[in-house]
Amino acid sequence: MRNLAEKWPAAPDFATAALNKDGVTVRMLGGLKQLLVSGDLAAWSKASRLAGEGVGAGAIASGDKYLVRIARDRLLAVGEQPFPIAPGWHAAGFAVTVMDAGLHVFEIEGPDLDRLIARGTALDPEAASPSASILFAGVGVLLYRFGNRDRARLHVDRGLAPYLWEWLEQAQVL
């Protein structure tokens, strides 16, 4: 039987892989806790003690725990430490799903970040959006800035991370 795996490039070792190209550095960001929250977000906020509606594409998140908006009734809670709320259905009207292993997180940083964003999506790099859920390089991702305007975080389904890495390797920012 023909080995079809030979036609695909090997996935990088994301623990050590880094790109530094055209004024932009890309690396994998591991160890973040990620919870997908669906349903009554006001009830979630009260139960988790995390206030806010979450940041969208172009907005700046900060802190060791923050919220990323996906849709009217859905957000991603991201943190360096575990959240004090159990996964599963909550009687207050919301569900919590652990996404740590499901979403791969890239941190992208550099003075030419806006050019890379313009290359990967139709989103105006200068404008903010209520939702961080966008198409980037042809795949659905969550994209937002973190800490300052020259740093962004991009969450992508883990199975699509090798494709996105290859796209970033081949992308011409300028």
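Please read these numbers as outputs of a predicted model, since none were measured by experiment.

J.: Before we move on, can you summarise the pattern of salt bridges with the specific residues and values?
T.: Pairing of side chains with opposite charge becomes possible as their charged atoms draw close. Counted under the stated rule, the structure contains six salt bridges. Two residues, Arg149 and Glu126, come together in a salt bridge whose shortest N-O distance is 3.5 Å. Taken together, the residues span a long stretch of sequence, with Arg149 in the loop between β11 (139-146) and β12 (151-157) and Glu126 in the loop between α2 (113-120) and β10 (133-136) at a distance of 23 residues. With relative accessibility at 32%, the residue Arg149 sits in the partly exposed group. Where salt bridges share partners, they join Asp114, Glu126, Arg145 and Arg149 into one cluster.

J.: Let's hear about the packing of aromatic side chains: which residues, and what values?
T.: Evaluation of the coordinates by the stated rule reveals seven aromatic pairs. The interplanar angle of 70° and the centroid separation of 5.7 Å between the aromatic rings of Phe14 and Phe106 together place this pair among those described as edge-to-face. Remark: Phe106 occurs in strand β9 (residues 103-109) and Phe14 occurs in the segment before β1 (18-21); sequence separation between them is 92 residues. The buried category is assigned to Phe106, whose relative accessible area is 1%. When the ring of Phe136 is compared with that of Trp167, the centres are 5.3 Å apart and the planes differ by 70°; the resulting orientation is edge-to-face.

J.: Can you explain the pairing of strand β5 (residues 65-71)? Please cite residues and give values.
T.: Working note: regular strand, side chains alternate between the two faces of the sheet. In terms of burial, β5 is a largely internal element, five of the seven residues being buried. Relative to strand β6 (residues 74-79), β5 runs antiparallel, the two sharing six bridges. In the strand pairing of β6, Tyr66 is matched with Val78. Hairpin remark: β5 followed by β6, antiparallel, with two residues in the connecting loop.

Criteria and thresholds
- Residues numbered from 1 in each chain as written.
- Predicted model: local features only at pLDDT ≥ 70, side-chain atom pairs only at ≥ 80, totals over all residues.
- Heavy atoms only, no water.
- Salt bridge = Lys/Arg side-chain N within 4 Å of Asp/Glu carboxyl O.
- Helix = DSSP H or I, 4+ residues; strand = E, 2+ residues; numbered from the N terminus.
- Buried < 20%, exposed > 50% of the residue type's maximum accessible area, 1.4 Å probe, protein only.
- Phe/Tyr/Trp six-rings, centres within 6.5 Å; stacked < 30°, edge-to-face > 60°.
- Pairing = 2+ DSSP bridges.

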